[in-house]
Amino acid sequence: MIEIYAQNLANTWFAVALCDQKILTSSFATSEKTALNYILNNLPFNTPFQLFPKPNPTATAILQAIKEIYAGKDTEVKLNLASEDLPVYTQKVLKATLAIPVGYVTSYGAIAVAVGGGARAVGNAMACNLFPPIVPCHRVVKSDLSLGGYGGGLGVKLEFLLREKRGFTEPKDVSVDGVFLRVFPVEDVLRKYA
DNA sequence: TGCAAACCATAAC
DNA sequence: GTTATGGTTTGCA
């Protein structure tokens, strides 16, 4: 049985679908309806689900953690994502995206180099991200460090990056499955949109 | 700058 | 099988 929870935290609606403590899909939006619609659209077919008006303790902790991520904070909470049924390539892209630290961004092409495949394929994987904002697809931009696209609208993407400013000045490499992924300070992106 | 061609995993037919 | 479709990239005028 799939359990769905939605809650308003700090003026934003967050929603999750859980199954066996694992996150099937998540969302955020300015209205409860929009947040729930996203969840419902991404639910597997022919699976019963139930919408709970009040989150239980597990769901509360998860929603709280997602809110922290949304707010641009580092979170220590480990969120269990049900990604094993996704295409393998998509899983690799998600994993690489999760490796981007707060305060940094990388490009579609850079991820493609790290996990194989091409930049457009990476963009495709991002476009159907089931776990916003847990999988920080807002930290992936074009190779010239302009924004690229975003499901929730480019304004939302820009605001995310503003909240994640950390004052870093140098690019660096992070390790994903033994290969390196180059990441750049968010400031490098924001400069172009001042 | 701007445009065209190469790029590559998915989903839909 | 085949085709259409992107949240791209690169090269070249």
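A.B. asks: Looking at this model, I keep getting lost on the protein's contact with DNA strand B. Mind explaining?
C.D. replies: Around DNA strand B, a shell composed of Pro 87, Tyr 89, Thr 90, Gly 117, Gly 118, Arg 120, Ala 121 and Asn 124 is seen. Of what DNA strand B places within 4 Å of the protein, 63% of the atoms are sugar or phosphate. Contact distances for DNA strand B include 3.3 Å between a base nitrogen and a side-chain N or O atom of Arg 120.

A.B. asks: Explain the pattern of salt bridges to me, please; I cannot follow it from the model alone.
C.D. replies: Any two side chains of opposite charge can pair, so long as their charged atoms come close to each other. Taken as a whole and judged by the stated rule, the model has eight salt bridges. The closest approach of N and O atoms between Asp 177 and Lys 95, which form a salt bridge, is 3.1 Å. One end of the pair, Asp 177, is in the loop between β7 (172-176) and β8 (179-185); the other, Lys 95, is in helix α3 (residues 88-98), and 82 residues separate them in sequence. Taken together, the salt bridges that share partners define one network made up of Lys 67, Glu 68 and Lys 73.

A.B. asks: What exactly am I supposed to notice about the packing of α3 against helix α5 (residues 119-127) here?
C.D. replies: To describe two helices that pack against each other, one gives the angle between their axes and the distance between the axes. Put simply, α3 and α5 touch, their axes get as near as 10 Å, and they point 85° apart. In terms of their interaxial angle, α3 and α5 are classed as roughly perpendicular. For the pair α3 and α5, the contacting residues are Tyr 89, Thr 90, Val 93 and Thr 97 in the first and Ala 121, Val 122, Ala 125 and Met 126 in the second. Per-class residue counts for the contact of α3 with α5 are six nonpolar, two polar and no charged.

A.B. asks: Help me understand the protein's contact with DNA strand C in this model?
C.D. replies: Taken together, 18 residues lie around DNA strand C, and Tyr 108, Gly 109, Asn 124, Cys 137 and Ser 143 are the ones closest in. Near-protein atoms of DNA strand C (within 4 Å) split between backbone and bases, with sugar and phosphate holding 37%. Between DNA strand C and Cys 137, the relevant distance is 2.6 Å, taken from a base nitrogen to a main-chain nitrogen or oxygen of the residue. A distance of 2.7 Å separates a phosphate oxygen of DNA strand C from a polar backbone atom of Ser 143. Contributing elements (two or more residues each) for the surface near DNA strand C: α4 (108-115) and α5. The element best represented in the surface near DNA strand C is α5, accounting for seven residues. For the surface near DNA strand C, the class distribution of residues is eight nonpolar, seven polar and three charged.

A.B. asks: Is there a simple way to explain the sheet that holds strand β1 (residues 2-9) in this structure?
C.D. replies: Note: strands within a sheet are paired through backbone hydrogen bonds, in either parallel or antiparallel orientation. Strands sit in the order β3-β2-β1-β4 across an open sheet of four strands; the sheet is mixed. In this open sheet, the two edge strands, each paired with only one partner strand, are β3 (22-29) and β4 (49-52). The sheet shows a mean angle of 20° between the axes of neighbouring strands, direction not considered. As defined by bridge partners, β1 adjoins strand β2 (residues 12-19) across seven bridges and the pair is classed as antiparallel.

Calculation criteria
Position numbers for residues start from 1 in each chain and track the written sequence from start to end. Chain A is the first chain written and ligand 1 is the first ligand written, with later ones labelled in order. Reporting in this predicted model follows two pLDDT cut-offs: at least 70 for local features of residues, and 80 or more for side-chain atom pairs to be given and counted; totals over whole chains, interfaces and linings ignore these cut-offs and use all residues. Values reported for side chains reflect all heavy atoms of the structure, with hydrogen atoms and water molecules removed beforehand. Here a residue is considered near a molecule or strand provided that any single heavy atom belonging to it is located within 4 Å of it. What qualifies as a polar contact is a pair of N or O atoms within 3.5 Å, subject to a donor-acceptor requirement within protein and to the restriction that residues adjacent in sequence count only when both atoms come from side chains. Salt-bridge detection follows one rule: a side-chain nitrogen of Lys or Arg within 4 Å of a carboxyl oxygen of Asp or Glu. Under the scheme used here, helices are H or I runs from DSSP no shorter than 4 residues and strands are E runs no shorter than 2 residues, and both carry numbers assigned from the N terminus. Comment: axis = line fitted to C-alpha atoms, over the contacting stretch for helices; angle = value between 0 and 180 degrees taken between N-to-C directions. Here the word oblique covers every angle except those under 35 degrees (roughly parallel), over 145 (roughly antiparallel) and from 65 to 115 (roughly perpendicular). Note on definitions: a residue-residue contact is assigned when non-hydrogen atoms from the two residues lie within 4.5 Å. Ten residues, namely Ala, Val, Leu, Ile, Met, Phe, Trp, Tyr, Cys and Pro, are considered nonpolar, four, namely Asp, Glu, Lys and Arg, are considered charged, and the remaining ones, Gly among them, are considered polar. In this scheme, strands are said to pair when DSSP sees at least two bridges between them.

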